[in-house]
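Take a look at the letters that make up each chain.
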Amino acid sequence: MKKIAAFVTALVIFTVLLVSIHILAIKTLPKGNRDFGYWISSAKDSSYELLAQNIGPKTQLYMGSSEFHHGLKTQYNPSNLFRQTDLDIMCLGAAFNQCLTHAITVGAVGPKLENKKVCLILSPTWFYSHRSALAGREFLLRYSSTCYFKAMHNDQLSEATRDAIKTRKEHLLNSSGNDDSFKKLQGAIGKEKDRAKTVLMWTVRRRHSVEVDPSVEEGGNGHNLENTENPGNVKVLDFGTLMKDAEIDTGKRHNPYNMKDKIFNRKFKGKLSKMKNKNANLSFDESDEYGDLQIFIDVCKDQGLDVELILQPMNGKWYDYTGLTADKRHVVSKKVKEIADKNGVKLCNLTNEEYTEGFFEDAVHPAQKGWVIINEKAYNFFNS
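**Overview of the overall build of the protein chain**
Working step 1: Counting its secondary structure elements, the protein chain contains 19 helices and five strands.
Working step 2: By residue count, 54% of the 384 residues in the protein chain fall in the buried class.
Working step 3: Across the protein chain, every contact between residues at least 6 apart in sequence was considered, and the portion connecting residues at least 24 apart equals 81%.
Working step 4: Carbon and sulfur atoms make up 54% of the accessible area of the protein chain, which totals about 17700 Å².

**Quick notes on the pattern of salt bridges**
Working step 1: With the rule as written, the count across this model stands at ten salt bridges.
Working step 2: Between arginine 168 and aspartate 288 there is a salt bridge, and its shortest N-O distance comes to 3.8 Å. Of this pair, arginine 168 sits in helix α8 (residues 159-174) while aspartate 288 is found in helix α16 (residues 288-302), placing the two residues 120 residues apart along the sequence.
Working step 3: Take aspartate 288: its relative accessible area is 38%, and that puts it in the partly exposed class.
Working step 4: Within the structure, one salt-bridge network assembled from shared partners comprises Arg168, Asp288 and Asp292.

**A closer look at the side chain of asparagine 255**
Working step 1: By the secondary structure assignment, asparagine 255 is in the loop between α13 (239-250) and α14 (261-268).
Working step 2: Judged by relative accessible area, asparagine 255 falls into the buried class, the value being 9%.
Working step 3: At 3.4 Å, the side chain of asparagine 255 forms a polar contact with the backbone nitrogen of asparagine 258.
Working step 4: Excluding residues that lie within four positions of it along the chain, asparagine 255 makes contacts with Lys260, Asp261 and Phe264.

**A short note on the nonpolar core**
Working step 1: Grouped together as the largest cluster of nonpolar side chains are 67 residues, with contacts concentrated most on Phe296 and Leu309.
Working step 2: In contact with phenylalanine 296, other than residues within four places in its own chain, are Met63, Cys99, His102, Ala103, Val106, Val118, Leu120, Val307 and Leu309.

**Looking at the pairing of strand β2 (residues 88-93)**
Working step 1: The element β2 is extensively covered by neighbouring structure, given that six of its six residues are classed as buried.
Working step 2: Residue alternation in β2 divides its side chains into two sets, Asp88, Met90 and Leu92 and Ile89, Cys91 and Gly93, and both sets are buried.
Working step 3: Relative to β2, strand β1 (residues 59-64) runs parallel, the two being bridged by six bridges. Paired with leucine 61 across the bridge in β2 is methionine 90.

**Observations concerning the pairing of strand β3 (residues 117-122)**
Consecutive side chains along a regular strand alternate between the two faces of the sheet.
Working step 1: With respect to burial, β3 is a largely interior element, six of its six residues being buried.
Working step 2: Every second residue of β3 is oriented toward a common face, with Lys117, Cys119 and Ile121 on one face and Val118, Leu120 and Leu122 on the other, all of them buried.
Working step 3: For β1 and β3, the ladder comprises three bridges, and the chain directions are parallel. Directly across from tyrosine 62, in β3, lies its bridge partner cysteine 119.
Working step 4: Here β3 runs beside strand β4 (residues 306-311); their pairing, made up of six bridges, is parallel. Of the residues in β4, the one forming a bridge with valine 118 is valine 307.

**Things to note about the packing of α13 against helix α19 (residues 368-382)**
Working step 1: Between α13 and α19, whose axes approach to 8 Å, the crossing angle comes to 165°. With respect to α19, the axis of α13 lies roughly antiparallel. In the packing of α13 onto α19, the handedness of the crossing is right-handed. Contacts between α13 and α19 pair Phe239, Leu242, Met243, Ala246, Glu247, Asp249 and Thr250 from the former with Gln368, Lys369, Val372, Ile373, Asn375, Glu376 and Tyr379 from the latter.
Working step 2: Grouping the constituent residues of the contact of α13 with α19 by class yields seven nonpolar, three polar and four charged.

**Quick word on a positive patch on the surface**
Working step 1: Among the surface-exposed residues, Lys73, Lys262, Arg266, Lys267 and Lys271 lie close enough to one another that they form a single positively charged patch.
Working step 2: Tracing the backbone shows lysine 271 in the loop between α14 and α15 (272-275).

**Here we look at the sheet that holds β1**
Working step 1: The strand order across the open sheet built from five strands is β2-β1-β3-β4-β5, with neighbouring strands paired in parallel fashion. With partners counted over all chains shown, the strands left at the sheet margins are β2 and β5 (346-349), one partner each. On average, each strand axis in the sheet is tilted by 20° relative to the strand beside it, whichever way the strands run.
Working step 2: Contacts from helix α5 (residues 99-109) reach β1, β2 and β3, with the element oriented near 165° to β1.

**Things to note about unusual backbone geometry**
Working step 1: One non-glycine residue, phenylalanine 96, lies in positive phi territory at about 80°.
Working step 2: Judged by relative accessible area, phenylalanine 96 falls into the partly exposed class, the value being 36%.
Working step 3: Despite not being glycine, asparagine 258 shows a phi value in the positive range, around 55°.
Working step 4: Mapped onto the fold, asparagine 258 is located in the loop between α13 and α14.

**Section: the packing of aromatic side chains**
Working step 1: As enumerated under the stated definition, the model contains 19 aromatic pairs in all.
Working step 2: Judged by centre distance (6.0 Å) and plane angle (55°), the ring pair of tyrosine 143 and tyrosine 148 falls under tilted.
Working step 3: An aromatic cluster is present here, built from Tyr62, Phe68, Phe82, Phe239, Trp371, Tyr379, Phe381 and Phe382 joined pairwise through their rings.
Working step 4: For the cation-ring pair, lysine 271 lies above phenylalanine 268, with the distance from its terminal atom to the ring centre recorded as 5.5 Å.
Working step 5: Lying over the aromatic face of tyrosine 290, lysine 335 brings its terminal NZ or CZ to 5.5 Å of the ring centre.

So, how was this worked out
- Residues numbered from 1 in each chain as written.
- Predicted model: local features only at pLDDT ≥ 70, side-chain atom pairs only at ≥ 80, totals over all residues.
- Heavy atoms only, no water.
- Helix = DSSP H or I, 4+ residues; strand = E, 2+ residues; numbered from the N terminus.
- Buried < 20%, exposed > 50% of the residue type's maximum accessible area, 1.4 Å probe, protein only.
- Contact = heavy atoms within 4.5 Å.
- Areas by Shrake-Rupley, 256 points an atom, 1.4 Å probe, with all protein chains shown as cover.
- Salt bridge = Lys/Arg side-chain N within 4 Å of Asp/Glu carboxyl O.
- Polar contact = N/O pair within 3.5 Å; in protein donor to acceptor, adjacent residues only side chain to side chain.
- Core = buried A, V, L, I, M, F, W, Y, C linked by side-chain atoms within 4.5 Å.
- Pairing = 2+ DSSP bridges.
- Axes fitted to C-alpha atoms, helices over the stretch in contact; angles between N-to-C directions.
- Parallel < 35°, antiparallel > 145°, perpendicular 65-115°, else oblique.
- Left-handed = near helix turned anticlockwise from the far one by under 90°.
- Nonpolar A, V, L, I, M, F, W, Y, C, P; charged D, E, K, R; others polar.
- Patch = residues over 30% accessible without salt bridge, like charges linked within 9 Å, V, L, I, M, F, W, Y side chains within 5 Å.
- Lys, Arg positive; Asp, Glu negative; His and termini not counted.
- Charge placed at Lys NZ, Arg CZ, Asp CG, Glu CD.
- Phe/Tyr/Trp six-rings, centres within 6.5 Å; stacked < 30°, edge-to-face > 60°.
- Lys NZ or Arg CZ within 6 Å of the ring centre and 35° of its normal.

Structure follows, in structure tokens:
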């Protein structure tokens, strides 16, 4: 009996300690920090608390994926470019962020967006027909249980929209190889009869959203965040001048695939023979991602949010070499346009830039010129 009592006492002390640490972490998260929006982190959107406390009356969402992590040391990355203006932009995106994870995030924070504008950069590679088998594990890397909880209890979302999110989320988690206990916890969220129980589970589980990546805790405690106010001399961006700068910074390239030489030599040159026509059998004809894009749009429409989609191009010279020819690549733009037109959503289709010299740094990610073109579309939308 003494051993059992000692164990129970130790367990209680341990639980209290964990809860105390979590409460302290939540209380020390930054609030109203403009620079938080321009902080690029793969774990930034894993915590609803972290996002919600840094959304102001003028905040607008700029969402995408791994491209946000390219060109971070240049003036062209949106985290540096838009910081110079009076815009309050929340950049959200990392590798494996796709339509559904962003739909969940917007479903969570939408009620706080007084400015009501969301711009989503779409990557064509999200829509590969073969990606469905891998999507569960990729989804889990970017999935936030706290944002999901808030989205499921957002009364602005229709029952149909919440059901669509829940169905897709459960399918992806079930295919992710995730542990059964976590699946059961997530399965209970959103069922009103279990609400009291899920609030308790969420309170415990949300520790994961802060502690899943050390960068979240660092960022949450003000790491590299200067909390600058909007600059007194507001800079109006001149994209003509920026493009001239980008052309100079791009310089000459000495490979036939429209990539930065350093990246081409390190990542692509040594496997050229293997990549010849390697992607010839890939297609974009069928993909669950098209349905997830519809869910994203529904989440925005339910909340009265104004949406712009920016469809990035793929590197035409490289993908022609690998056998994924232009006619196959353009299936994405056709299908995305159909979805955008059906929903009355603005689409900036940049697939006509797939052969533009200097647009890419590798096979898919924008270099200086690419960022100028993409950001000009977003800048005009945010200022409209």
